[in-house]
Amino acid sequence: MRIELRRVEFMPKELEPNVLYVSEKYRTAAHLCACGCGNKIRTPLGPTAWSVVAGRRGPSLWPSVGSWQRPCRSHYVIRDGEIHWAGQWNDAEVQQGRLREHTAREAYFAARARSSYARRLWAWLKALFGGR
Ligand SMILES: [Zn+2]
């Protein structure tokens with residue numbers, strides 16, 4: 001079973017199995033859960049979310065997909081068009097994973113806020129002294 005990459009503008013209502021749909025415009029990807037349960041897995045794309053790489057042998061989706069809210073609790077990685085099962089996480093591990101994600105996101109936005117503050121300060125200084 002290989003996963004193929006399909007670029008779309010809008011996510012179709014019905015997803016085909018073994019297809020990773022990617023909408024660059026809406027920065028999102030979607031596919032049907034690899035266990036065959038039929039659940040749609042939506043993964044937002046971005047620096048603090050998931051990323052998709054189109055490889056020669058198939059797409060890769062990183063980080064792993066965990067269907068913690070679904071009955072199947074599937075956990076896997078898509079790499080080069082192949083499903084790599086990552087083993088199930090217990091509740092504590094899910095919590096920890098969420099915490100790591102949360103910390104990474106906080107750090108990202110803090111860094112961004114700092115850099116935009118520095119830019120604002122620089123613009124202010126230039127405005128203050130630039131005219132003379
Ligand atoms: Zn499933």
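Definitions and limits used
Residues numbered from 1 in each chain as written. Predicted model: local features only at pLDDT ≥ 70, side-chain atom pairs only at ≥ 80, totals over all residues. Helix = DSSP H or I, 4+ residues; strand = E, 2+ residues; numbered from the N terminus. Domains from an automatic or database assignment. Contact = placed C-beta atoms within 7 Å. Nonpolar A, V, L, I, M, F, W, Y, C, P; charged D, E, K, R; others polar.

1. Quick notes on unusual backbone geometry
Here comes step 1: For the bond running from Trp62 to Pro63, omega is 0 degrees, close enough to zero to count as cis.
Here comes step 2: The topology assignment puts Pro63 in strand β6 (residues 59-66).
Here comes step 3: A positive phi angle, close to 65 degrees, is found at Asn18, a residue other than glycine.
Here comes step 4: Structurally, the position occupied by Asn18 is in the loop between β1 (4-7) and β2 (19-23).
Here comes step 5: In the Ramachandran plot, Arg73 falls in the positive-phi region, its phi being about 50 degrees despite a non-glycine side chain.

2. Points about the domain arrangement of the protein chain
Here comes step 1: Here the domain parsing of the protein chain yields domain 1 (1-88) and domain 2 (90-132).
Here comes step 2: The interface of domain 1 with domain 2 comprises four residues on the first partner and five residues on the second.
Here comes step 3: Among the residues making up the side of domain 1 that touches domain 2, the classes are represented as two nonpolar, two polar and no charged.

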